[in-house]
Amino acid sequence: MMRICVCLLLLALLGPSMFGPVDGRRTRFKPKPKPKDKTGKSVEDITPAKDINIHQMSGKWYLLTVASRCEHLLKKGFKVEGTTIFLTAPASANSPLKLSTLTKHNYQCWEIQQHYETTKSSGRFLLKGNMPAMNIEISVIDTDYSSYAVLLYKRMNKITLKLYGRSTQIPDAIVDKFEEIAKKHNMGLDVIFQFPDYGKARIIITKLHSVTFHNHNYAFFFSIALLSGFCESGDKEHTLVESSTTVYGA
């Protein structure tokens, strides 16, 4: 029962938004989703980039774009929250890659902590599920370390591609490259979703009332900060630490 609850909570955290439709970095025509391609690519067909230096990938990344046929994104992909991740490189050859994901749900920041096991390939990692069929293989497909990174997540025959940036703005050439990679995996613009690139919290100032006293006008204002910025951390009550027996998806 606990595992089911964790699964449902993860889907809720990484999906719905309370701030309405997302304004993408670039407006694109999105046709209706095509029927799923059931052929898929075998694990051998997915080759990570060569000689990946995972230590250079450490630090903060913004989730910018996702290519996926996930049912949840297909239905609610227009309502997603700004998401960041923090990578901590393995301390030794046998240590895992630590990843912390920060996002919002119901105005509250949540943190999801995961450990990716290292493999013989420097650009490939493994996130173990509660059974072998639920394992998720993560491959670093492309990166320049300083501005962007493309990661591929594969579980059985389901593939998800994610484009991360060191900042919320990246050149269109990188976006085009990501879309070309997605196309090679049978995913077109109909299944590519852009995530918000908003920054700090917005402050709205509203005039409430004005009065006249001794021939002088005095106005009273009210300000409110909308929590639309990126999360920096989650408190203990809103932190999920995933073990190999409670991970259900990427």
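Residues numbered from 1 in each chain as written. Predicted model: local features only at pLDDT ≥ 70, side-chain atom pairs only at ≥ 80, totals over all residues. Heavy atoms only, no water.

1. Comments concerning the nonpolar core
A general trend in soluble globular proteins is that nonpolar side chains are found buried together. Basically, it comes down to this: We call a set of buried Ala, Val, Leu, Ile, Met, Phe, Trp, Tyr and Cys residues a nonpolar core when their side-chain atoms join them within 4.5 Å. Each residue's exposure class comes from its accessible area (1.4 Å probe, protein chains only) as a fraction of the maximum for that residue type: buried when under 20%, exposed when over 50%, partly exposed otherwise. Numbering of helices and strands runs from the N terminus, with a helix taken as a DSSP run of H or I at least four residues long and a strand as a DSSP run of E at least two residues long. Contacts between residues were defined by any pair of non-hydrogen atoms, one from each residue, lying within 4.5 Å.
Judged by nonpolar contacts, the single largest core of 26 residues is most densely connected at M57, Y116, I138 and L151. Looking at this core, the elements that each hand over two or more residues are β1 (59-68), β2 (84-88), β3 (97-105), β5 (124-127), β6 (136-143) and β7 (148-155). Residues within four places of L151 in sequence aside, it is in contact with M57, I138, S139, V140, T160, L161, K162 and Y164.

2. Quick notes on the environment of S167
Residue position: S167 is located in the loop between β8 (158-165) and α3 (172-184). Classification of S167 by relative accessible area gives partly exposed; the value is 36%. Sequence separation of S167 and S147 is 20 residues, and the distance between their C-alpha atoms is 7.1 Å. In this structure, S167 is in contact with Y62 and L64, ignoring residues within four places of it in sequence.

3. Thoughts on the pairing of β1
Put simply, the rule reads: Pairing between strands is defined by DSSP: at least two bridges between them are needed.
Buried residues dominate β1, accounting for eight of its ten residues. Of the pairings in the sheet, the one linking β1 to β2 comprises four bridges and is antiparallel in character. Across the sheet, Y62 pairs through a bridge with T84, a residue of β2. Here β1 runs beside β8; their pairing, made up of six bridges, is antiparallel. Looking at the pairing, V66 lines up with K162 of β8.

4. Focus on unusual backbone geometry
In the Ramachandran plot, D51 falls in the positive-phi region, its phi being about 55° despite a non-glycine side chain. Summarising the element assignment, D51 is placed in the loop between α1 (2-13) and β1. For Y145, which is not glycine, the phi dihedral falls at a positive 70°. Along the chain, Y145 falls in the loop between β6 and β7.

5. What to know about the pairing of β7
Buried residues dominate β7, accounting for seven of its eight residues. Where β6 meets β7, six bridges bridge the pair, whose relative direction is antiparallel. The partner of I138 across the bridge, within β7, is Y153. Where β6 hands over to β7, the hairpin turn is made up of four residues, of which Y145 adopts a positive phi near 70°. As paired strands, β7 and β8 are joined by eight bridges and run antiparallel to one another. By the bridge assignment, R155 is partnered in β8 with K158. With antiparallel pairing between neighbouring strands as the criterion, β7 and β8 make up a hairpin whose turn holds two residues, including M156 at a positive phi of roughly 55°.

6. With respect to the packing of aromatic side chains
The cut-off we apply is this: Aromatic rings from Phe, Tyr and Trp, with only the six-membered ring used for Trp, were paired whenever their centres fell within 6.5 Å, and each pair was classed as stacked if the ring planes differed by under 30 degrees, edge-to-face if by over 60, and tilted otherwise. The criterion is that NZ of a Lys, or CZ of an Arg, lies within 6 Å of the ring centre and within 35 degrees of the ring normal, and then a charge sits over that ring.
Applying the stated criterion across every chain, the model contains zero aromatic pairs. Above the plane of the ring of Y153 lies K162, whose end atom (NZ or CZ) is 4.5 Å from the centre.

7. Examining the confidence of the model for the chain
Detail in the predicted coordinates should be disregarded across regions flagged by low pLDDT. As a reminder, the rule being used: Values of pLDDT, which run from 0 to 100, indicate the predictor's confidence residue by residue.
With 62% of its residues at a pLDDT of 70 or more, the chain has an overall mean of 75. Taken together, the stretch residues 14-24 has pLDDT below 50 and engages in 31 contacts with residues farther than four places along the chain or on a different chain. In this model, residues 243-250 is a region of pLDDT below 50 whose contacts with residues beyond four sequence positions or in other chains number 23 contacts.

8. Structural notes on empty space enclosed by the protein
Here is the rule: Buriedness of a pocket was judged along seven lines, with at least five required to meet protein on both sides within 12 Å; pockets are open sets of points on a 1 Å grid over the protein atoms alone, cavities are sets where a 1.4 Å probe fits but cannot get out, and lining residues have an atom within 4 Å of a point. Grid points are joined across faces, edges and corners, and a volume is the space filled by probe spheres set on the points. Polar here means any residue other than Ala, Val, Leu, Ile, Met, Phe, Trp, Tyr, Cys and Pro, which are nonpolar, and Asp, Glu, Lys and Arg, which are charged; Gly is therefore polar.
The final tally for this structure, using the stated rule, is one cavity of 30 Å³ or more. Along the walls of the largest cavity sit I54, M57, L87, L97, L99, Y116, F125, I138, V140 and L151, which together make up its complete lining. Per-class residue counts for the lining of the largest cavity are ten nonpolar, no polar and no charged.

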